[in-house]
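Secondary and tertiary structure notes
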Amino acid sequence: MEVDVVGDSSAAGGPDGMVWYASYGSNMHRDRLAHYIEGGRPPGAARAYPGCRDRRLPAESVPVELRGALYFATRSPVWQGGRAFYDPDADGRVFGRAHLVSAGQFADIAAQEMYREPGADLDLGEVLSMGRSVLGDGRYETLVCTGRLDGRPVLTFTAPWRMDEVAWTAPSAAYLRHLARGLLEAGTWDEEAVAAYLADCPGTAGLWTARAVAELLAD
């Protein structure tokens, strides 16, 4: 099922303390996300993750489309190429996957992506009322509320800069393959749509064709 979560981000969080964590990068894979929740080292990763205080896996995962754009920048020592970032103010649509987790789990997942120790809850007041909250100047240290789904806020994190304020960096074949498989795992988009989407993002456009991305899935 395709879900569009563009909308008002000013309302309070879900009454049951649950939120949607919208991933547009490697955590679209539930298996990889499990290492951020249960702890452990994902295949090919340089470090092990401590995991969340609450180690229950997401109650549900659904495909989402967000207003904005996906682009690749900086350089991942794990993937050996550009990382995926989200610019909510840019024109376009971003394919992703939203995982239903507790607010505490979202805080712990975000902390691990920020190279911080998990274990402290986040004050979500600013991001829920303003749509954005900058916690630091590093990558993935800006919280974004993209809208609501089933009465609960849809939250993610990205860099504080805009897409046109940073040099774009081509992602590696391994990273593109991982993203493509994560999107296919969501069950909404077919291989042709996924390949075309990833090939058109800043950082891949002009360097990767849709056919080349599709061929990665055959390996």
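It should be emphasised that the depicted structure is a prediction, and the values quoted were computed from it without experimental measurement.

This part covers helix α4 (residues 173-186). In this model, α4 (14 residues) spans 20 Å end to end at C-alpha, consistent with the 20 Å of a helix rising 1.5 Å per residue. Three or more residues of α4 are buried, namely Y175, L176, R177, H178, L179, A180, G182, L183 and A186.

Moving on: the pattern of salt bridges. One pass over the structure, following the stated rule, counts 9 salt bridges. Across the salt bridge formed by R162 and D87, the nearest N and O atoms sit 3.8 Å from each other. Here R162 is found in the loop between β9 (152-158) and α4, whereas its partner D87 is found in strand β5 (residues 81-87), with 75 residues between them in sequence. A salt bridge links E185 to R97, with the nearest nitrogen and oxygen atoms 2.5 Å apart. Residue E185 is found in helix α4, and its partner R97 is found in strand β6 (residues 93-102); the two are separated by 88 residues along the sequence. For E185, a relative accessible area of 35% gives the class partly exposed. Exposure remark for R97: the relative accessible area of 8% places this residue in the buried category. Taken together, the shared-partner salt bridges in this structure form one network comprising R53, D108 and D121.

About the criteria used
Residues numbered from 1 in each chain as written. Predicted model: local features only at pLDDT ≥ 70, side-chain atom pairs only at ≥ 80, totals over all residues. Heavy atoms only, no water. Helix = DSSP H or I, 4+ residues; strand = E, 2+ residues; numbered from the N terminus. Expected span 1.5 Å × (residues − 1). Buried < 20%, exposed > 50% of the residue type's maximum accessible area, 1.4 Å probe, protein only. Salt bridge = Lys/Arg side-chain N within 4 Å of Asp/Glu carboxyl O.

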